[in-house]
Amino acid sequence: MRKQIILPYEDRVTQWYNVLPDIPNGLLPPLDPENNQPIAPEKLGAIFPPGLLEQEMSPERWIDIPEEVQEIFAIWRPSPLVRATFLEKALGTKAKIYFKHEGVSPSGSHKTNSSVPQAYYNKQAGIKNLATETGAGQWGSALSFATQKFGLSCMVYMVKVSFDQKPYRKAMMHAFGAEVVASPSNLTPTGQAILAKDPESPGSLGIAISEALEHAVSHDSTNYALGSVLNHVCLHQTIIGLEAKKQMAMAGDYPDVVIGCCGGGSNFAGIANPWLPDKLEGRNIRLLGVEPASCPSMSKGVLAYDFGDLSKRTPMMQMYTLGHDFIPPGIHAGGLRYHGMSPIVSALYREKLIEVQALHQLECFEAGILFAKTEGIIPAPETCHAIRAAIIEATRDLNDPKTILFNLSGHGLLDLASYEQYHAGELSNYEYPAEAIAEATRHLPKV
Ligand SMILES: *Cc1c(COP(=O)(O)O)cnc(C)c1O
């Protein structure tokens, strides 16, 4: 049996799939908090280049991937599709488990699929610097790599708790030539205000987004870049699912269920959206998003207009949210600690086209360790959520020969400290923080 299914370079994916025209009942527009009206594109033009803004609202189903972007993708794409034969055997299941390996990218996760086109379109628009935030450090690493490929400089606001816990992520960003500061920092009004109140603040993704936005609007020739949530990011990630579709066909298989973990939603959208047209045509295929039980935006959040950041500087988007001032517990899957879910994934959940499952971190680490021992890849803690869900699917009925596809969103080689903590028994599950969520959802904007 073939272990790796390699897509030849000649058969590479050269267009992204835009799901917007296929979402039943569509998306509601982002609103300007100043007047509760759909945001004027000029306003977004202050921080995003025209190429990305066009994609954010495009009605076109297929969008060409620029040649320059394809050239850089060739460093690691097409990425392998792998049959997890050893995991199947260890589970004693008749199910076939496939995974798409996004851990082979320069930064070690799927995020480089969007950082490269984002840097490209900013370069096209004559921008010289990008400012961004990073939680666990994966997006910061991905953007650091991409910016220097196009001769841009990169300023990263890294959530303080990760800045202290993950020195090697910081080192990676430095190696790619970026500047990194701990957030909250004393460089922006939001950072200064938070530090004045609490000099020891551990920071959050919401705070870091506010700081990066403030940095972008107060510096010349500087734009802002976001690593998930937005429509153009979900679009860029569809290269994962589009390649996987070709590779599953090469393997002579078709998935019964497609699984991805959900932080802001882009990697799940990337593996899942390309199968949606089949599903809409009546094909029997399940699309399953997995979120952490401690930050259950879809399973326990509300569908509402909310801000993407703590300081309410982003437009309001309709999404499943726990409230923009909800600060999730400090689980180790830092990339899944975001209060909202991308409007695209939220709309698919609203239309009941996808399913959602919330899992606790200990069972996910356990799954990740079994995967490491059997398949030889130590997965990122975020990815462990998808692996755990795949194992649940494969073991529900060991005799059911179903076909499972999940996205291996990243490797965990810079997350080994959390594996050590798991083995030392220092990690615990966080109960679903019902009170904190109830409190935060009381602060949703009125529109
Ligand atoms: C960021 C990240 C995620 C979450 O991705 P979203 O697109 O925001 O849902 C998952 N896995 C890894 C390895 C990540 O770095």
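Residues numbered from 1 in each chain as written. Predicted model: local features only at pLDDT ≥ 70, side-chain atom pairs only at ≥ 80, totals over all residues. Heavy atoms only, no water.

The next thing to look at is the packing of aromatic side chains. Enumeration over the complete set of coordinates arrives at 13 aromatic pairs. Seen from their ring centres, Tyr17 and Trp62 are 5.5 Å apart, and the 50° between their planes marks the pair as tilted. Taken together, the positions of Tyr17 in strand 2 (residues 15-17) and Trp62 in strand 5 (residues 62-64) put the pair 45 residues apart, joining distant regions of the chain. Seen in terms of ring centroids, Tyr120 and Tyr121 are 5.0 Å apart; in terms of plane orientation they differ by 75°. Their pairing is edge-to-face. With respect to burial, Tyr120 and Tyr121 carry one shared label: buried. A connected cluster of aromatic rings, assembled from ring pairs, spans Phe99, Phe371 and Phe406. The aromatic ring of Tyr9 is capped on one face by Arg12, whose charged end is 4.1 Å from the ring centroid. Lying over the aromatic face of Tyr98, Arg83 brings its terminal NZ or CZ to 5.6 Å of the ring centre. (Phe/Tyr/Trp six-rings, centres within 6.5 Å; stacked < 30°, edge-to-face > 60°. Helix = DSSP H or I, 4+ residues; strand = E, 2+ residues; numbered from the N terminus. Buried < 20%, exposed > 50% of the residue type's maximum accessible area, 1.4 Å probe, protein only. Lys NZ or Arg CZ within 6 Å of the ring centre and 35° of its normal.)

Taken together, 19 residues lie around the ligand, and Lys111, Ser228, Gly263, Ser266 and Ser409 are the ones closest in. Separating an oxygen atom of the ligand from a side-chain N or O atom of Gln138 is a distance of 3.2 Å. A distance of 2.8 Å separates an oxygen atom of the ligand from a polar backbone atom of Asn267. Compared with its free state, where it exposes 380 Å², the ligand has 98% of that area covered by protein. Of the pockets mapped on this structure, the ligand occupies the largest cavity. Of all the secondary-structure elements, those providing two or more residues to the shell around the ligand are helix 12 (266-272) and helix 17 (381-395). Class assignment of the residues belonging to the shell around the ligand gives a composition of four nonpolar, 13 polar and two charged. (Near = heavy atom within 4 Å. Polar contact = N/O pair within 3.5 Å; in protein donor to acceptor, adjacent residues only side chain to side chain. Areas by Shrake-Rupley, 256 points an atom, 1.4 Å probe, with all protein chains shown as cover. 1 Å grid on protein atoms, 1.4 Å probe; cavity = no way out; pocket = protein on both sides within 12 Å on 5 of 7 lines; lining within 4 Å. Sits in = over half its atoms within 2 Å of the grid points. Nonpolar A, V, L, I, M, F, W, Y, C, P; charged D, E, K, R; others polar.)

Once that is clear, we can look at the nonpolar core. Counting residues in each nonpolar core, the largest one holds 66 residues, and the members touching the most others are Val116, Trp275, Leu287 and Leu405. It is helix 11 (residues 231-250) that contributes the most residues to this core, seven residues altogether. The residues touching Trp275, leaving out its near neighbours within four places in the chain, are Gly241, Ala244, Lys245, Met248, Tyr254, Pro255, Val258, Ile285, Leu287 and Leu405. Of all hydrophobic cores here, the second largest spans 35 residues; its members include Leu87, Cys364, Phe371 and Leu427. (Core = buried A, V, L, I, M, F, W, Y, C linked by side-chain atoms within 4.5 Å. Contact = heavy atoms within 4.5 Å.)

This paragraph deals with empty space enclosed by the protein. A full pass over the atoms with the stated rule returns five cavities of 30 Å³ or more. Taken as a whole, the largest cavity holds about 380 Å³ of empty space. Forming the walls of the largest cavity are 31 residues, and the residues nearest its centre are Lys111, Gly227, Ser228, Gly264 and Gly335. (Points joined across faces, edges and corners; volume = space filled by probe spheres on them.)

Take helix 2 (residues 50-57) next. The complete set of buried residues in helix 2 reads Leu52, Leu53, Gln55 and Glu56. Buried residues of helix 2 fall within an arc of 160° about the axis and therefore sit on the same side. Structural note: helix 2 exposes Pro50 and Glu54 on the side pointing more than 90 degrees away from its buried face. The inward-facing, buried residues of helix 2 abut strand 2, helix 1 (41-44), strand 5, helix 5 (112-124) and helix 11. (Arc of directions from axis to C-beta.)

Once that is clear, we can look at unusual backbone geometry. With the exception of glycine, most residues fall at negative phi, and the peptide bonds are largely trans. Here Arg77 and Pro78 are connected by a cis peptide whose omega angle stands at -10°. Structurally, Pro78 is set in the loop between helix 3 (67-73) and strand 6 (81-83). Note that the residue after Ser183, namely Pro184, is joined by a cis bond; omega there is 5°. By secondary structure assignment, the location of Pro184 is in the loop between strand 10 (179-183) and helix 9 (189-197). Even without glycine at this site, Asn25 takes up a positive phi of about 70°. Among the structural elements, Asn25 can be located in the loop between strand 2 and strand 3 (31-32). The phi angle at Asn36 is positive, at roughly 60°, despite the residue not being glycine. Its location among the elements puts Asn36 in the loop between strand 3 and strand 4 (37-38).

Before going further, it helps to spend a moment on the sheet that holds strand 10. Read across the open sheet, the four strands follow the order 10-9-8-11; overall the sheet is parallel. The outermost strands of the open sheet, each flanked by one partner alone, are strand 10 and strand 11 (222-224). Along the sheet, successive strands turn relative to each other by an average axial angle of 25°, direction set aside. Two strands pair when backbone bridges link them, and strand 8 (residues 129-134) and strand 9 (residues 153-159) are joined in this way by six bridges, in the parallel orientation. Bridged to Thr134 within strand 9 is Met158. Most of the contacts of helix 6 (residues 138-149) go to strand 8, to which it runs at about 165°, and overall it touches strand 8 and strand 9. (Pairing = 2+ DSSP bridges. Axes fitted to C-alpha atoms, helices over the stretch in contact; angles between N-to-C directions.)

As a packed pair, helix 9 and helix 10 (residues 205-218) sit with axes 8 Å apart at the nearest point and diverge in direction by 140°. Taken together, the axes of helix 9 and helix 10 are oblique relative to one another. Across the interface between the two elements, Pro189, Thr190, Gly191 and Ile194 of helix 9 pack against Ile207, Ser210, Glu211 and Glu214 of helix 10. Its residues assigned to classes, the contact of helix 9 with helix 10 comprises three nonpolar, three polar and two charged. (Parallel < 35°, antiparallel > 145°, perpendicular 65-115°, else oblique.)

On to the pairing of strand 9, then. Strand 9 sits mainly inside the fold: six of its seven residues count as buried. The parallel pair strand 8 and strand 9, bridged by helix 6, forms a crossover whose chirality is right-handed. Across five bridges, the pairing between strand 9 and strand 10 is parallel. Considered in strand 10, the bridge of Met155 is made with Glu179. (Right-handed = clockwise from strand over helix to strand, strands pointing away.)

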